[in-house]
Amino acid sequence: MGRSGRYSYDTSGMYNRNNNYLNVEIERYIEQYWGTSIGTSVRNMYENGTDYEKICDMIGWDYDDFCND
């Protein structure tokens, strides 16, 4: 958790948070949109274990671009 910034969330205990690159990108997005309705919505989804695909849909990203396959 050595990231700087206002937002940092420990996802190590979450079963569906195993894509480290996507975790970083989502947390950057949350930081960038901190205090806005979209930032709050994405943060709530992320912290409450919403699937990556749904979070990406909310942000407007293509989830397949972040797959580790």
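Residues numbered from 1 in each chain as written. Predicted model: local features only at pLDDT ≥ 70, side-chain atom pairs only at ≥ 80, totals over all residues. Heavy atoms only, no water.

The next point concerns the confidence of the model for the protein. Within the protein, residue pLDDT values average 85, and 75% of them lie at 70 or more. When pLDDT is averaged over each element of the protein, helix α3 (residues 52–59) comes out on top at 96 and helix α1 (residues 20–32) at the bottom at 93. (pLDDT = per-residue confidence, 0-100. Helix = DSSP H or I, 4+ residues; strand = E, 2+ residues; numbered from the N terminus.)

Glancing now at the side chain of Arg-17. Tracing the backbone through its elements, the reader meets Arg-17 in the segment before α1. We note that Arg-17 is buried and unpaired, the nearest opposite charge coming from Asp-51 at a distance of 6.0 Å. A polar side-chain atom of Arg-17 sits 3.0 Å from the main-chain carbonyl oxygen of Tyr-46. (Buried < 20%, exposed > 50% of the residue type's maximum accessible area, 1.4 Å probe, protein only. Lys, Arg positive; Asp, Glu negative; His and termini not counted. Salt bridge = Lys/Arg side-chain N within 4 Å of Asp/Glu carboxyl O. Polar contact = N/O pair within 3.5 Å; in protein donor to acceptor, adjacent residues only side chain to side chain.)

Negative charge collects at one region of the surface, where Asp-51, Glu-53, Asp-57, Asp-62, Asp-64 and Asp-65 lie side by side. Mapped onto the fold, Asp-57 is located in helix α3. (Patch = residues over 30% accessible without salt bridge, like charges linked within 9 Å, V, L, I, M, F, W, Y side chains within 5 Å. Areas by Shrake-Rupley, 256 points an atom, 1.4 Å probe, with all protein chains shown as cover. Charge placed at Lys NZ, Arg CZ, Asp CG, Glu CD.)

Moving on: the packing of α1 against α3. For any two helices packed against each other, the geometry comes down to the angle between their axes and how far apart the axes lie. Where α1 contacts α3, the two axes come as close as 12 Å, and the packing angle between them is 40°. Judged by the twist between their axes, the crossing of α1 over α3 is left-handed. Of the residues in α3, those in contact with Leu-22, Asn-23, Ile-26 and Tyr-29 of α1 are Tyr-52, Ile-55, Cys-56 and Ile-59. (Axes fitted to C-alpha atoms, helices over the stretch in contact; angles between N-to-C directions. Left-handed = near helix turned anticlockwise from the far one by under 90°. Contact = heavy atoms within 4.5 Å.)

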